[in-house]
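Here are the chains, one letter per residue:
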Amino acid sequence: MVRRRYRVADTAQQLVGGFLLAGPFVVTEEVWVLAENMSWYHAVVVVGIVFAIGYGALYKADAGRDIDTEAEVAGIPVRFVSLMIVAFGSVAILATALTAPDTFLVDGGILADPTPMAVTLTTLKAIIVGAIFSVVGAATADSVF
């Protein structure tokens, strides 16, 4: 069995797709309201959904890719690890760069008591919501290109 090398170009493709689909959701007030109303139970379930979408898109939807031939780190395919970092990371970077937490949570009044901890926790939940869409873009770009 020959292991497929993982290239920097693979991550670059994921980044393009991840940022492309994450952008519109980072700047949508409804995502921030939804995040504020989510419990941590819901957030954990959504993280599971993001992982399932990513795995399915990489290894079930793409018949030409075999998980057993992928380069691995600690038994986890490098491509999948990269996909998860891109899915969550692209949303986090965009949210920070566009000052979305302050714009929506503090200035927009979504949080009744915008303490730094409340802003941070709600921002994490918004990142999790945005990752649903980012992972689709990242996995699609990885598989198509």
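Everything below is about the structure shown above.
About the criteria used
- All chains use their own residue numbering, which begins from 1 and follows the written sequence.
- Per-residue local features are limited, in this predicted model, to residues with pLDDT of at least 70; the limit for side-chain atom pairs, both in listing and counting, is 80 or more; totals at the level of whole chains, interfaces and linings are taken over all residues.
- Where side-chain values are given, they derive from all heavy atoms of the structure, hydrogens and water being excluded.
- Under the pairing criterion, centres of Phe, Tyr and Trp rings, with the six-membered ring standing for Trp, must be within 6.5 Å; the plane angle then separates stacked pairs below 30 degrees from edge-to-face pairs above 60, leaving the rest tilted.
- Where helices and strands are cited, they refer to DSSP runs of H or I of at least four residues and of E of at least two residues respectively, numbered from the N terminus.
- Any residue under 20% of the maximum accessible area for its type is buried, any over 50% is exposed, and the rest in between are partly exposed; the area is computed with a 1.4 Å probe on protein chains only.

Engineer: Help me understand the packing of aromatic side chains in this model?
Structural biologist: Two aromatic rings, taken as a pair, are described by how far apart their centres are and by the angle between their planes. Tallied over the entire structure, the rule returns six aromatic pairs. Plain terms: the ring middles of Phe-51 and Phe-80 are 5.7 Å apart, the flat faces sit at 65 degrees to each other, and that makes the pair edge-to-face. Taken as a pair, Phe-51 in helix H3 (residues 40-60) and Phe-80 in helix H4 (residues 78-97) lie far apart in primary sequence, 29 residues in all. Taking relative accessible area as the criterion, Phe-80 reaches 11% and is therefore assigned buried. A ring pair is formed by Tyr-55 and Tyr-59, whose centres lie 5.4 Å apart and whose planes are at 50 degrees; its orientation type is tilted. Taken together, the residues span about one helical turn, with Tyr-55 and Tyr-59 both in helix H3 at a distance of four residues. Looking at Tyr-55, the relative accessible area reads 33%, which means it is partly exposed. By relative accessible area, which is 7% here, Tyr-59 ends up buried. Chaining the aromatic ring pairs together yields one cluster made of Phe-51, Tyr-55, Tyr-59, Phe-80 and Phe-88.

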